[in-house]
Number of protein chains: 2
Amino acid sequence: MLTDRQLLILQVIINDFIHSAQPVGSRSLSKKEEISFSSATIRNEMSDLEELGFIEKTHTSSGRIPSDKGYRYYVDHLLSPQKLDQQDVYKVKSIFAERIYELEKIVQNSARILSELTNYTAIALGPAVRDNKLKKIQIVPINKQTAVAIIVTDSGYVQNRMFQLPETMDLGELEKLANILNDRLAGSSIESLNDKIYKEVALLLRQHINNYDFILHSIADTLLIPSHEKLFFGGKTNMLSQPEFHDFEKIKSLMTMIEQEDSIYELIRKNQSGINIKIGRENNNTAMENCSLITATYSIGTEQLGSISILGPTRMEYSRVISLLDYISRDLTSVLTKLYQGN
Amino acid sequence: MLTDRQLLILQVIINDFIHSAQPVGSRSLSKKEEISFSSATIRNEMSDLEELGFIEKTHTSSGRIPSDKGYRYYVDHLLSPQKLDQQDVYKVKSIFAERIYELEKIVQNSARILSELTNYTAIALGPAVRDNKLKKIQIVPINKQTAVAIIVTDSGYVQNRMFQLPETMDLGELEKLANILNDRLAGSSIESLNDKIYKEVALLLRQHINNYDFILHSIADTLLIPSHEKLFFGGKTNMLSQPEFHDFEKIKSLMTMIEQEDSIYELIRKNQSGINIKIGRENNNTAMENCSLITATYSIGTEQLGSISILGPTRMEYSRVISLLDYISRDLTSVLTKLYQGN
DNA sequence: ATTAGCACTCGCTATTAAAGAGTGCTAACA
DNA sequence: TGTTAGCACTCTTTAATAGCGAGTGCTAAT
């Protein structure tokens, strides 16, 4: 177990490094207010902390920098929650200031504001529609060969897709089709639509619609939900300003990863409700070796909807970021719950 | 006027520099097959070309690199169109291989493929809906306080917006509202909707709908088209691999600009049909000082819809990029015309 | 008009030296 | 026995220097 003095030193090293991005030496530590013992003592303690894996040297005679393990300990045991100042609170509130009623826009705004407040990169995972219930399906013919199918869910999410019409299909039949679909599917979860179409609706269609097999697939396709929810970003280029990324290989692999939605999705997918923190290599992604990812989830009522994350260097301001994410995700949850729970 | 020999030298310098990214010296030029005179002669010619502003030195005793003016001359007078090889053609055709009927998806695919083929950044400006005609407006109530308004245009474009309902409004009235809007507005250009609502529909609404003033704004807002069409990107990070951007200030200002849709839109907005080329400072944007932008427009029939662009270093493979853009934009136009002209 | 030759410039690389920050160890101290 | 002063040593950073090579511009010869 670590002694109080070791904890103090670890904490001061991390706090210093978070702000300076420079290895911290014993002499500069001994000059700090909080620390009342000599640099020699500190050197001994640092040597022990290094042996335990909490800090590292960049070369034999350099100061120390925190290791992933060091940050992990810091985050788990040493972090004092930081109160947001008035300015931050104002800015957060501005997310909801405009009269916006669309979930997606609110989430997107959150990402933008979050990145502006932190100067890191913000990633928001859009609200899941999987569990939404189908409100309405509409089919709007565009011309003789094509039509647009539109589905609306009970949270106001709209999805649309164009598809080809069979040659023989007329307007009346199209209307009949829409009616059948609505009768049968309204109220079902979006996730189950595809299944239900083939199992329950196919039969009905065969009875009432010509060319039903041609149109069945098109409709079923249209109702497929995307493989993952939308991602929204804020401050994608902020990492270019972080000194640890003044290295072309690093910045390139990071930026390239950020552009690939799949890998980002992989990173932020599995999160329990509340705050989740992944430090450096804990992310299992070489491009993220020097990054930490902090994620908070938001919900409507008890139903978990999506998440907002901050991607920053491992040397990030954990305390501030956690406070911000916590605050915003709570706000988001309460505003969305108020707006959409009254279905 | 330039002599034939000067033209030859300019051309060889540019071709060389495009591939090597290194200043070109007289001795290395004299070794080329195409060139049959001595390095001393070349030095004299280069001196003249420099005086005329077509090439520059990076320092007193360096080789020469093309100037913006040099590239401009090259593009206007020396460029020989390059025929696409079979592999490129295959890849381009793959844009249309999937059965996709949505304009936006096709355009998005084009940007992706284009960036993969060139290793530069591709930017596609989505189809303009301004001149589309309104096909249908639908209003779907979500709960007591909110509803979604959905508009569909004659090209199958769908736009939706949530809005608040006045407390007193019931379903019947909502339906009446939708009917009025459709009666009055179907067939009008999207651009004119907002105007017409206030001028023609407001009166009708007042007669038939309670709380009409409350809902008028919401509806009008919903029908506002976005200030500019959607932008699609491909290969956003490709510029990180270009040697001219191995400089942190440069890459940062470029990437930051790419993230700001407004400035990108400003760059590619005004283009005549066909191929447009902006070299370096011609773009009037400091972040673009070392970049060229080549844009091709696509249309449906004769109506210009949008554009696809390549953003690369001024030292880009103009010939290849132009051929690709020309080819893709023609394909795009013909496929889209076939798909959507039959309204 | 063209070219060979040469002096000169500049950037790049390697080497060296000196300064500075920091460590680890030892021995003295409270 | 825990703490600290002192010191030798390591490593990075910076600056200065020198030599090399690629390239130019000019001059004089062809």
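Counting starts from 1 at the beginning of each chain's written sequence and moves along it residue by residue. Just so you know, chain letters begin at A and ligand numbers begin at 1, following the order they were written in. pLDDT decides what is reported in this predicted model: residues at 70 or higher carry local features, side-chain atom pairs at 80 or more are listed and counted, and totals for whole chains, interfaces and linings draw on all residues regardless. Remark: hydrogens and water are excluded; side-chain values derive from all non-hydrogen atoms of the structure.

## Section: the interface of chain B and chain A
Then, in step 1: Between chain B and chain A, the residue contacts involve 39 residues of the former and 39 residues of the latter.
Then, in step 2: By buried area we mean the combined loss of accessible area, with a 1.4 Å probe, across both parts when two parts are placed together. At the boundary of chain B with chain A, total buried surface from both sides reaches about 3,500 Å², with 65% on carbon and sulfur atoms.
Then, in step 3: Any carboxyl oxygen of Asp or Glu within 4 Å of a side-chain nitrogen of Lys or Arg constitutes a salt bridge here. Linking chain B with chain A are zero salt bridges, by the criterion used here.
Then, in step 4: We define a polar contact as two N or O atoms separated by no more than 3.5 Å, with the added condition that, inside protein, one atom must be a possible hydrogen donor and the other a possible acceptor, whereas residues neighbouring each other in sequence contribute only through side-chain atom pairs. At the surface where chain B touches chain A, the tally comes to four residue pairs in polar contact (both at pLDDT 80 or more).
Then, in step 5: Those elements that place two or more of their residues in the side of chain B that touches chain A are strand 4 (134-141), strand 5 (146-153), strand 6 (158-164), helix 10 (248-259) and helix 12 (318-340) of chain B.
Then, in step 6: Gly counts as polar in this scheme, as do all residues outside two lists: the nonpolar Ala, Val, Leu, Ile, Met, Phe, Trp, Tyr, Cys and Pro, and the charged Asp, Glu, Lys and Arg. Looking at side-chain class alone, the side of chain B that touches chain A contains 17 nonpolar, 13 polar and nine charged residues. The contact definition used throughout considers only heavy atoms, calling two residues in contact when any of these lie within 4.5 Å. Numbered from the N terminus, helices here are DSSP runs of H or I no shorter than four residues, and strands are runs of E no shorter than two.

## Regarding the packing of aromatic side chains
Residue and element names in this part refer to chain A.
Then, in step 1: Working definition: a ring pair exists when centres of Phe, Tyr or Trp rings (six-membered ring for Trp) sit within 6.5 Å. Plane angles under 30 degrees give stacked, over 60 give edge-to-face, the rest tilted. Counted according to the given criterion, the structure contains seven aromatic pairs over all chains.
Then, in step 2: Between tyrosine 71 and tyrosine 318, the aromatic rings sit 5.7 Å apart at their centres with planes inclined by 45 degrees, giving tilted as the arrangement. Pair noted here: tyrosine 71 is in helix 4 (residues 68-78) and tyrosine 318 is in helix 12 (residues 318-340), with a separation of 247 residues, a long-range link.
Then, in step 3: What links up through ring pairs into an aromatic cluster is the set Tyr71, Tyr74 and Tyr318.
Then, in step 4: The ring of phenylalanine 233 has lysine 236 lying over it, and the distance from NZ or CZ to the ring centre is 4.8 Å. Look at NZ for Lys and CZ for Arg. If either is within 6 Å of the ring centre and within 35 degrees of the ring normal, a charge sits over the ring.

## Thoughts on the sheet that holds strand 3 (residues 121-125) of chain B
Residue and element names in this part refer to chain B.
Then, in step 1: Read from one edge to the other, the open sheet built from five strands follows the order 7-3-10-9-8, with strand pairing classed as antiparallel. Strands at the two margins of the open sheet, each flanked by one partner only, are strand 7 (231-234) and strand 8 (275-279). Direction aside, the axes of adjacent strands within the sheet are offset by 20 degrees on average.
Then, in step 2: Paired strands, as defined in this entry, are two strands with at least two bridges between them according to DSSP. Of the pairings in the sheet, the one linking strand 3 to strand 10 (residues 303-313) comprises five bridges and is antiparallel in character. In the sheet register, isoleucine 123 faces strand 10, and the bridge partner there is serine 309. Every axis corresponds to a line fitted to the C-alpha atoms, with the helix fit spanning only the stretch in contact, and the corresponding angles, defined between N-to-C directions, vary from 0 to 180 degrees.

## What about the protein's contact with DNA strand C?
Then, in step 1: Taken together, the neighbourhood of DNA strand C is formed by 19 residues, with Ser26(A), Arg5(B), Thr41(B), Thr60(B) and Ser61(B) sitting nearest.
Then, in step 2: Of all atoms in DNA strand C that approach within 4 Å of the protein, 72% are sugar or phosphate atoms.
Then, in step 3: Between DNA strand C and the protein, one listed contact pairs a phosphate oxygen with a side-chain N or O atom of Arg5(B) at 2.9 Å.
Then, in step 4: Within the side chain of Arg43(B), one N or O atom sits 3.1 Å away from a base oxygen of DNA strand C.
Then, in step 5: Only helix 3 (39-51) of chain A together with helix 3 (39-51) of chain B provide two or more residues apiece to the surface near DNA strand C.
Then, in step 6: The leading source of residues in the surface near DNA strand C is helix 3 of chain B, at four residues.
Then, in step 7: Along the lines of polarity and charge, the residues of the surface near DNA strand C split into three nonpolar, 11 polar and five charged. It suffices for a single heavy atom of a residue to lie within 4 Å of a molecule or strand for the residue to be listed as near it.

## So, the environment of Gly274(B)
Residue and element names in this part refer to chain B.
Then, in step 1: Within the fold, glycine 274 resides in the loop between helix 11 (261-268) and strand 8.
Then, in step 2: On the basis of relative accessibility, which here comes to 34%, the residue glycine 274 falls in the partly exposed class.
Then, in step 3: For glycine 274 and tyrosine 71, which are 203 residues apart along the polypeptide, the C-alpha to C-alpha distance reads 19 Å.
Then, in step 4: Here glycine 274 is in contact with Thr295, Ala296 and Thr297, once residues within four sequence places are set aside. Buried means the residue's accessible area, taken with a 1.4 Å probe over protein chains only, is under 20% of the maximum for its type, while exposed means over 50%, and partly exposed covers the values in between.

## A look at the pattern of salt bridges
Then, in step 1: Counting across every chain of the model gives 34 salt bridges over all chains.
Then, in step 2: Notably, a salt bridge pairs Asp195(A) with Lys199(A), separated by 3.2 Å at the nearest N-O pair. Of the two residues, Asp195(A) and Lys199(A) are both situated in helix 8 (residues 193-208); the distance of four residues between them amounts to about one turn of the helix.
Then, in step 3: Residue Asp16(B) pairs with Lys32(B) through a salt bridge whose shortest N-O separation is 2.5 Å. Here Asp16(B) is found in helix 1 (residues 4-20), whereas its partner Lys32(B) is found in the loop between helix 2 (26-30) and helix 3, with 16 residues between them in sequence.
Then, in step 4: The structure contains a network of salt bridges with shared partners spanning Arg72(A), Asp76(A) and Glu282(A).

## With respect to helix 12 of chain B
Then, in step 1: Given a helix with a known number of residues, its expected span is that number minus one, times 1.5 Å. Relative to the 33 Å expected for 23 residues at 1.5 Å per residue, helix 12 of chain B spans 32 Å between its end C-alpha atoms, a close match to the ideal helical length.
Then, in step 2: For helix 12 of chain B, the tally of buried residues reaches 17 of 23 residues, placing the bulk of the element in the interior.

## Let's talk about the protein's contact with DNA strand D
Then, in step 1: Taken together, 19 residues sit near DNA strand D, with Arg5(A), Thr41(A), Thr60(A), Ser61(A) and Ser26(B) positioned nearest.
Then, in step 2: Within 4 Å of the protein, the contacting atoms of DNA strand D are 72% sugar and phosphate, with bases supplying the remainder.
Then, in step 3: Arg5(A) is positioned such that a nitrogen or oxygen atom in its side chain is 2.7 Å from a phosphate oxygen of DNA strand D.
Then, in step 4: Ser61(A) has a polar side-chain atom sitting 2.6 Å from a base oxygen of DNA strand D.
Then, in step 5: Residue assignment for the surface near DNA strand D shows that the elements contributing at least two residues are helix 3 of chain A together with helix 3 of chain B.

## Details of the sheet that holds strand 6 of chain B
All names here are of chain B.
Then, in step 1: With respect to topology, three strands assemble into an open sheet ordered 4-5-6, the strand pairing being antiparallel. The open sheet terminates on both sides in strands that have one partner only, identified here as strand 4 and strand 6. Taken pair by pair, the neighbouring strands of this sheet meet at an average axis angle of 20 degrees, ignoring direction.

## Notes on the relation of the copies chain B and chain A
Then, in step 1: Superposing chain B onto chain A takes a rotation of 180 degrees plus a shift of 0.1 Å along the axis, which leaves an RMSD of 0.2 Å. The two molecules are tied by a two-fold rotation axis, judged by turn and shift. Least squares is used to superpose the copies, and the fit set is the C-alpha atoms of residues whose pLDDT is at least 70 in both copies.

## Some remarks on the domain arrangement of chain A
Then, in step 1: Where each domain begins and ends follows an automated or database-derived domain assignment. You can read the domains of chain A as domain 1 (4-78), domain 2 (86-128 + 229-340) and domain 3 (134-223).
Then, in step 2: A C-alpha centroid distance of 63 Å is found between domain 1 of chain A and domain 3 of chain A.

## Some remarks on the UniProt feature "domain: Heat-inducible transcription repressor HrcA C-terminal" (unreviewed entry) in chain A
Then, in step 1: UniProt positions are given in the numbering used here, feature names are shortened, and annotations may be inferred rather than shown by experiment. Residues annotated by UniProt as "domain: Heat-inducible transcription repressor HrcA C-terminal" (unreviewed entry) correspond here to residues 104-322 of chain A.
Then, in step 2: Along residues 104-322 of chain A, the helical share is 38% and the strand share 26%, with 23 Å between the first and last C-alpha atoms.

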